[in-house]
Structure formats: C-alpha cells, structure tokens
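# Descriptive analysis of the structure
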Amino acid sequence: MLAIGPFEVIEDSLGSLPVNYWVYKKDVEDAKWIFKNTPKMIDFFSRLFGYKYPWAKYDQVTTPRQGGGAEATSATVLGEQVIHDRRAEQDFSWEKTIAHETAHQWWGDLITLRTWAHTWLNESFGTYSDYLYTRHLRGEAEGAVDLLRKKNQYLREAHNKYMRPIVFKRYDRPQDNFDSHTYPKGAVVLHMLRFIMGDSPFSERLAIFCIS
Ligand SMILES: [Zn+2]
C-alpha cells in the first residue's frame, strides 16, 4: 500500500509498538480523539485471539479516495469521512470500522485466503471482531443490538436477493463474495460456533489457528 499526501503524523503507541495516524492538517485535533482507542483495540484483540499483534507498527491513513476502510499489512487506509466532530460521533461513529480494520491485521494479513471462495476468513472474522469490540466497550446490551443488526442485514439479503453457502466458489468477480452472506452472516455463524464451543475453547482454537 502506498499513500502520498501532505499528511501530519500523530504519534501514539502501545508499549513499544508505534501506532500512528496520518491525517490532513485540518483534521489533527479531531483525529486525536477519533483514533485514541486504537492501542486499546490492538491490546484487546491480541488477548482475545491469543496471538500478539504480529507486525512492527500500525498506521492508519485517511484519504478522500476511499469509501470505508481497506487493510494492508501493518497499515489501514480509511476514508476521510472517519474524521468528524464530537457531536457527529453520537450518530456516525466510525469506531466499529476502526476496530474491524484493526482486526484484519490478524484476519486477512496474518492469516490470508488462498482464493476468494474463502472471503469469510477476512470479512466474517473482521465483522465478528468488531462486534466483540463493541460488546467489550459498550456492554452486553449494545453488543446484542449490534449482533441483531448483523443478523437482520443477512436476512434481508437472503429474503430479497439470494442464498448461497458462506464458502462459495461460483463467483464471477471477487467482489461478488463481499456481501451480507460473508460479512454479517459469517460473523453470526462464528458467534454460534463460540456459543456451542464455549468461550475458552473457542479462544484457544483461534490461537492455534493463528500460530499454525
Ligand atoms: Zn473488512
């Protein structure tokens, strides 16, 4: 990933791990509080996945030419819409997106798919991770609402468009698999798996998966 622009760099850290935010000058003050939980997210996911953050640094870069977020190894590009003032945060929080992209450092960058049939490895885990962070940050009730939203998002697609298996080889273009079967349904199925296995066995298996 290559991003070039007149960026200001806000330097943050988690212990000795550099965590930096690359933003335009006008956005520096808002970016400081918008990104401030990033080190906590890295710490949370490191513990949850049983695998320490795998890279030497983590950067987040804002750009006008990006819709949501896109992860690359040790750096994420985020649309400049991530920057807003505190009042807008009430209605348009990007915290979940920041968490989702951070989780991709494990799910997508450390562990990556062999073919697009397995898009769930990136996006179901990314989406489940943003739910887990939401629940961790805001509590059970907020987490339950988030999970219900994800389930309903999948059901709308299943009801109005089509149904397919989560692992799906019959795609025309890779982006065909970036749908509500992969993101929210995959996340909810991972939640079901965790419920069946129990918290500790589920976390232990995630760690084994990351190590192997
Ligand atoms: Zn994603």
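Residues numbered from 1 in each chain as written. Predicted model: local features only at pLDDT ≥ 70, side-chain atom pairs only at ≥ 80, totals over all residues. Heavy atoms only, no water.

Attention now moves to the nonpolar core. Core analysis: the largest hydrophobic core is formed by 39 residues, its most contacted members being F35, F45, V82, W106 and W107. Of all elements in the fold, only β2 (17-24), α1 (28-34), α2 (38-49), α4 (95-103), α5 (120-138), α7 (181-197) and α8 (199-211) reach the threshold of two or more residues within this core. Ranked by residue count, the leading element in this core is α5, at 6 residues. When we break this core down by domain, the ones giving at least three residues each are domain 1 (7-103) and domain 2 (116-211). In this view, W107 contacts F49, L121, N122, F125, S129, L206, F209 and C210; residues no more than four positions away in its chain are not counted. (Core = buried A, V, L, I, M, F, W, Y, C linked by side-chain atoms within 4.5 Å. Buried < 20%, exposed > 50% of the residue type's maximum accessible area, 1.4 Å probe, protein only. Helix = DSSP H or I, 4+ residues; strand = E, 2+ residues; numbered from the N terminus. Domains from an automatic or database assignment. Contact = heavy atoms within 4.5 Å.)

Moving on to the coordination of the zinc ion. Here the zinc ion is held by H100 (NE2), H104 (NE2) and E123 (OE), and the distances to it run 2.0 to 2.1 Å. Of note, the donors binding the zinc ion are all from one chain and are spaced H-x3-H-x18-E. On the criterion of sequence distance, the pair formed by H100 in helix α4 and E123 in helix α5 is long-range, its members being 23 residues apart. Taken individually, H100 and E123 each receive the classification buried, so the pair is uniform in this respect. (Donors = N, O, S within 2.8 Å, 3.2 Å for Na, K, Ca; no water.)

Our next topic: the pairing of β2. Judged by how many residues are buried, β2 sits mostly within the fold: 6 of 8 residues are covered. One ladder, built from 8 bridges, connects strand β1 (residues 7-14) with β2; its direction is antiparallel. Following the sheet pairing, S13 is matched in β2 by P18. Between the end of β1 and the start of β2, which pair antiparallel, lie 2 residues, with G15 showing a positive phi angle near 60°. Sheet topology note: the β2/strand β3 (residues 58-63) ladder contains 4 bridges and is parallel. Of the residues in β3, the one forming a bridge with Y21 is Q60. (Pairing = 2+ DSSP bridges.)

A few words on α8. Counted at 1.5 Å a residue, the expected span for α8 with its 13 residues is 18 Å, and the 19 Å between its end C-alpha atoms agrees. Against the buried residues of α8 lie α2, α5 and α7. (Expected span 1.5 Å × (residues − 1).)

On to the domain arrangement of the protein. Taken domain by domain, the protein consists of domain 1 (7-103) and domain 2 (116-211). Each of domain 1 and domain 2 has a C-alpha centre, and the two are 22 Å apart. Between domain 1 and domain 2, the residue contacts involve 14 residues of the former and 21 residues of the latter. Contact between domain 1 and domain 2 buries roughly 1,400 Å² in total, counting both sides, with carbon and sulfur atoms accounting for 63%. The largest per-residue losses of area from domain 1 upon contact with domain 2 belong to F44, K96 and H100, which jointly make up 40% of the total buried on that side. Inspection of the domain 1/domain 2 interface yields 2 salt bridges. At the boundary of domain 1 with domain 2, the tally comes to 6 residue pairs in polar contact (both at pLDDT 80 or more). Elements that contribute at least two residues to the side of domain 1 that touches domain 2 include exactly α2 and α4. The residue makeup of the side of domain 1 that touches domain 2, split by class, is 8 nonpolar, 3 polar and 3 charged. (Buried area = accessible area lost by both parts, 1.4 Å probe. Salt bridge = Lys/Arg side-chain N within 4 Å of Asp/Glu carboxyl O. Polar contact = N/O pair within 3.5 Å; in protein donor to acceptor, adjacent residues only side chain to side chain. Nonpolar A, V, L, I, M, F, W, Y, C, P; charged D, E, K, R; others polar.)

Let us now look at a nonpolar patch on the surface. A contiguous nonpolar patch, built from V189, M192, F195 and I196 and spanning about 450 Å² of accessible area, is present on the exposed surface. Looking at where F195 falls in the secondary structure, it is placed in helix α7. You can call F195 exposed: its relative accessible area is 70%. (Patch = residues over 30% accessible without salt bridge, like charges linked within 9 Å, V, L, I, M, F, W, Y side chains within 5 Å. Areas by Shrake-Rupley, 256 points an atom, 1.4 Å probe, with all protein chains shown as cover.)

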